[in-house]
Each structure stands twice: as C-alpha cells, then as structure tokens.
Amino acid sequence: MAATADASDLWVRRFHPAPEAPVRLLCLPHAGGSASYFFPVSKRLAPRVEALSVQYPGRQDRRNEPCLESVDELADRLADVVEPWLDKPLALFGHSMGASVAFELALRLEARGVKPVALFASGRRAPVAARDERVHLRDDDGLIAEIKRLNGTESQVLDDDEILRMVLPSIRADYKAAETYRYRPGPQLATPVIALTGDSDPKATTDEVRRWAEHTDGAFDMVVYPGGHFYLNAHAPAVIDEIAGRLAPVAGH
C-alpha cells in the first residue's frame with residue numbers, strides 16, 4: 001500500500017532539505033526518542049547527505065495518536081511511508097530500539113526489491129542475541145530509574161514532573177516494542193551492516209553487537225566508541241563523520 005504525502009510528512013521529518021544530495025539517510029530514534037534528536041545529524045550531513053528523521057506516533061506533535069507497541073508494526077508502517085523517498089539511494093540509521101526497527105524495515109524493503117545502501121545499527125545487540133528484559137512492566141518510578149541509568153533523556157525533562165508524565169506513555173510503549181521483539185529466522189539481508197556501539201553499554205556487549213554479522217550476506221563492520229548506551233551523545237561529530245565517510249562512495253566524494 002503506497003503512502004500518501006500527508007502520511008509521509010507525518011512520519012518523516014526533513015530538517016535540512018538537500019535536493020542535490022545523491023543519497024539519503026533515514027534516522028530511527030531510540031525508545032522514548034523523537035525525530036528532533038537527529039536535528040544535529042541532519043545539519044552536519046547536509047548538503048552531502050540528506051538526513052530524514054522518523055517521528056513515531058505518541059510523542060511531541062503526534063502525542064494524541066496511539067503509540068505502536070511492536071517493532072514489526074512500526075516497520076510495516078514505515079515500509080509504506082518511505083516509498084516517496086526511494087527515488088534516491090537510501091541508507092538507514094537506528095539507535096537502540098531504532099536499530100531493530102531499521103533492520104526489520106530493511107528486510108521489508110529488500111522484499112520489495114529495494115536494497116538500502118547501508119544499515120547503521122547503533123547501540124543495539126543483534127536480533128539473534130535476544131535478552132529477557134521486562135522494564136516496560138515496571139511502575140513509573142522503575143521506568144524512570146532505568147531511563148536515568150542509561151542517561152537517555154535530558155536531565156531537565158526528568159526533573160520536570162509534568163513533562164515526564166506526558167512522555168512516559170510513549171517511553172513505556174517503546175520499551176515494550178523493544179523488549180518483546182523477537183527475530184524470526186528468514187532471508188538474510190543483502191544490505192551491508194555497520195554496527196556502532198559503546199564499549200561499556202549495559203544493554204549490548206561487543207560480542208552481542210558483533211553478531212549483527214550473522215544477519216547479512218553483505219559486508220559487515222563494527223566500530224566501538226568509549227562510553228555507554230548513549231555513547232553517541234559524547235561522540236556525535238565522530239559518529240556523523242563515520243556515517244558520512246561510509247556513504248561517500250555513494251555520494252560521489
């Protein structure tokens with residue numbers, strides 16, 4: 001089912017239009033994250049690469065929409081939504097839960113005959129390396145404690161009770177999606193996979209991340225940075241330059 005332009009605009013944000021860019025990068029946020037998280041990525045990559053950022057339902061300007069609690073459902077919806085953006089080569093970048101969604105999206109795109117030029121899987125163990133995690137079943141205080149442990153949400157949000165209560169439902173829904181996701185054996189990706197991770201990430205050991213190699217018949221590489229689950233906050237310029245370098249052959253640089 002093809003997406004309408006309105007549906008695509010709802011899901012996909014284009015902060016720095018770069019109509020001359022020869023390649024696009026679709027960025028998929030972590031649990032509780034929003035499209036605006038990738039504004040700096042978009043700014044730094046333009047005009048070499050046009051970055052697009054996904055806005056999941058249930059947050060910010062989509063806060064009145066019901067959240068989706070399944071990685072597969074998110075990937076199903078996105079497979080339709082990204083159709084208007086497939087007139088140029090497309091790479092995928094997902095952090096944490098977003099990496100799982102990006103992987104399932106890549107499978108769906110390949111099934112439709114569209115091969116992404118690269119899948120950047122950040123801060124997420126390979127789909128075959130599942131853990132039994134149940135943070136989404138905790139009460140609000142337990143969920144907040146986990147978010148603070150990972151440093152995934154800016155402290156001023158965590159300190160503002162009113163804002164926090166507004167965003168908790170989307171965070172819980174995303175955690176449910178991430179924690180209940182299970183890989184179903186099937187076709188391997190042809191898309192090259194580049195796994196990016198922090199060396200002290202409590203959510204993904206380097207051995208778990210290295211297993212992304214098992215999911216592609218294309219090239220695989222892993223890049224390890226100092227830091228934890230949100231290593232990329234401290235190393236954003238290096239991570240963005242790494243992505244740009246990997247896409248340079250497609251971009252003609």
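Quantities reported herein were computed from a predicted structural model and do not represent experimental measurements.

Quick notes on the rules
- Residues numbered from 1 in each chain as written.
- Predicted model: local features only at pLDDT ≥ 70, side-chain atom pairs only at ≥ 80, totals over all residues.
- Heavy atoms only, no water.
- Phe/Tyr/Trp six-rings, centres within 6.5 Å; stacked < 30°, edge-to-face > 60°.
- Buried < 20%, exposed > 50% of the residue type's maximum accessible area, 1.4 Å probe, protein only.
- Helix = DSSP H or I, 4+ residues; strand = E, 2+ residues; numbered from the N terminus.
- Lys NZ or Arg CZ within 6 Å of the ring centre and 35° of its normal.
- Polar contact = N/O pair within 3.5 Å; in protein donor to acceptor, adjacent residues only side chain to side chain.
- Contact = heavy atoms within 4.5 Å.

1. Regarding the packing of aromatic side chains
For the structure shown, the criterion picks out six aromatic pairs. Ring plane angle 85° and centroid distance 5.3 Å describe the contact between tyrosine 37 and phenylalanine 38, whose orientation is recorded as edge-to-face. Residue tyrosine 37 is classed as partly exposed on the basis of its relative accessible area of 24%. With a relative accessible area of 1%, phenylalanine 38 lands in the buried category. Consider the rings of phenylalanine 103 and tryptophan 212, whose centres lie 5.7 Å apart with planes at 80°: the pair is edge-to-face. Residue phenylalanine 103 is found in helix 4 (residues 97-111), and its partner tryptophan 212 is found in the loop between helix 8 (206-210) and strand 7 (220-225); the two are separated by 109 residues along the sequence. Side by side, phenylalanine 103 and tryptophan 212 carry an identical accessibility label, which is buried. In this structure an aromatic cluster arises from ring pairing among Tyr37, Phe38 and Phe93. Over the ring of tryptophan 11 we find arginine 62, and its NZ or CZ is 4.5 Å from the ring centre.

2. Describing the side chain of aspartate 72
Among the structural elements, aspartate 72 can be located in helix 3 (residues 71-81). Its relative accessible area of 19% is what places aspartate 72 among the buried residues. A polar contact of 3.2 Å, which involves the side chain of aspartate 72, links it to the side chain of arginine 108. Among all residues touching aspartate 72, those that are not within four sequence positions of it are Glu104, Arg108, Tyr181 and Arg184.

None of the figures reported here should be taken as evidence of function without further support.
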